[in-house]
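Residues per chain, in single letters:
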Amino acid sequence: MSIPPPEPAFVLRGTGAAVNSLNFNCGIPEQQPLLFSGSENGLIHVWNLKTHRAGTKLDGHNGKSVLWVEALQRGNTILSQGRDQQVCLWNIDEGREQVTDSIFTESVGFCRCSLLSLEPGQWMLAVPSGNMSEVQILNLPSKTRVCTLEPDADAKLGMPMCMKLWQPLTSSAPLLLVGYEDGSVTLWNTAERKVLSHLKCHVEPVMSLDFDPQKARGISGSSDRFLHSWKLDEQQNLKLHEQLELTNAGIADIQIRQDCRILATAGWDHRIRIFGWKKIRPLAVLQYHSDSVHCVAFSDHSKPTERQLAAGSKDQRISIWSIYNET
């Protein structure tokens, strides 16, 4: 007898618009596990994963699409980025719904911010700029500008489409990976404000990427039919590692799970695909959504058996899956 295809553990409904961004906050045992979602109608929903209901609904982006949301400080503070050119800092402790600070980005594109924790209470934030190819690096909570990363004029990379800040194991300076409109991935040194390596991966814009610092390996997806895995050598040069052709074109989001065993992709073909990360090997195709899947996120549960995968779609639903969560 064939094994039936997996079904979602449960589905969250009620966003009222396409879901663009997801972020879990489940790693604190004494708190309720939460999921934050950002939608095309400018709303952020705070979902209680025990009751499967949105306990709080935040409205601070003037009805403009929310591109990115991420929790800070035990889930009581969150950052959100909207197409109103604002990054908002929210205090949601004890039921509050307050924007306590904001950053004007000038960006009119779809590139999501990237956040890196430096030490308790201190973060680095990469923000797309209003200028064509620029990225601004800020320190939080001070909002001090660290640097502006601007490619050479003759590089013709186009707009940044996706970013990933990360901390090398052998260096004190954070590095930034940027996927550009021309289909390339560029590695920046944020301290020296210079390009360390540049790799042409895709024939179409790089829509999403993720990186594993332990293995010095990353992966990117585009509007084409290929996933590209690439490596960073000891000289900090990006090199192509593997290529996998997909059945259908279009990857909106890629996430490597925290244990670096599997990864998930969000597909324009309404599907979520699961791959092994040691080798880019297809493991499962999850079919539930009736429209493009815009985003995926893995939970940060402390117990491996409680791990979940969330997917947000243009069909206004969020599917929650419990798969490959054995120890």
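To keep things clear, this report deals only with the structure shown in the data block. (Residues numbered from 1 in each chain as written. Predicted model: local features only at pLDDT ≥ 70, side-chain atom pairs only at ≥ 80, totals over all residues. Heavy atoms only, no water.)

Before going further, it helps to spend a moment on the overall build of the chain. Looking only at helices and strands, the chain has zero helices and 28 strands in total. For 327 residues, the compact-globule estimate of 2.2 N^0.38 gives 20 Å, and the C-alpha radius of gyration of the chain, at 19 Å, lies within 12% of that figure. Each principal axis of the C-alpha distribution contributes one length, and for the chain these read about 55 × 50 × 35 Å. Buried positions account for 54% of the 327 residues belonging to the chain. For the chain, the centre of its 32 positive side-chain charges and the centre of its 35 negative side-chain charges are spaced 5 Å apart. (Helix = DSSP H or I, 4+ residues; strand = E, 2+ residues; numbered from the N terminus. Rg over C-alpha atoms; globule rule 2.2 N^0.38 Å. Buried < 20%, exposed > 50% of the residue type's maximum accessible area, 1.4 Å probe, protein only. Lys, Arg positive; Asp, Glu negative; His and termini not counted. Charge placed at Lys NZ, Arg CZ, Asp CG, Glu CD.)

Moving on: the side chain of S220. Residue placement: S220 occurs in strand 19 (residues 217-222). On the accessibility criterion, S220 (0% relative accessible area) is buried. Only 2.9 Å separates the side chain of S220 from the side chain of H202, close enough to count as a polar contact. A polar contact is formed between the side chain of S220 and the side chain of W230, at a distance of 3.0 Å. When neighbours within four sequence positions are excluded, S220 is seen to be in contact with V185, C201, H202, V206, S208, L209, F226, L227, H228, W230 and I254. (Polar contact = N/O pair within 3.5 Å; in protein donor to acceptor, adjacent residues only side chain to side chain. Contact = heavy atoms within 4.5 Å.)

With that out of the way, let us pick up the nonpolar core. Ranked by internal contacts, the top residues of the largest apolar core, which has 15 residues, are A126, V135, I137, M163, L176 and V178. Put simply, the parts of the chain that give this core at least two residues each are strand 11 (122-128), strand 12 (135-140), strand 13 (144-149), strand 14 (160-166) and strand 15 (175-180). Once residues within four sequence positions are removed from consideration, L176 is found in contact with A126, V135, I137, L149, M163, K164, L165, T186, L187, W188 and T190. (Core = buried A, V, L, I, M, F, W, Y, C linked by side-chain atoms within 4.5 Å.)

Cis peptide bonds are those with omega within 30 degrees of zero, and the linkage from L140 to P141 qualifies with 10°. With respect to the helices and strands, the residue P141 is situated in the loop between strand 12 and strand 13. Despite not being glycine, K143 shows a phi value in the positive range, around 65°. Positionally, K143 belongs in the loop between strand 12 and strand 13. We classify K143 as partly exposed; its relative accessible area is 34%. Phi angles above zero are rare outside glycine, and K156 is one such case at about 55°. Residue classification places K156 among the exposed positions, given a relative accessible area of 70%.

What follows deals with the environment of D93. Within the secondary structure, D93 sits in the loop between strand 8 (86-91) and strand 9 (98-104). When its relative accessible area of 28% is taken as the criterion, D93 is described as partly exposed. Residues D93 and V127, 34 residues apart in the sequence, show an inter-C-alpha distance of 25 Å.

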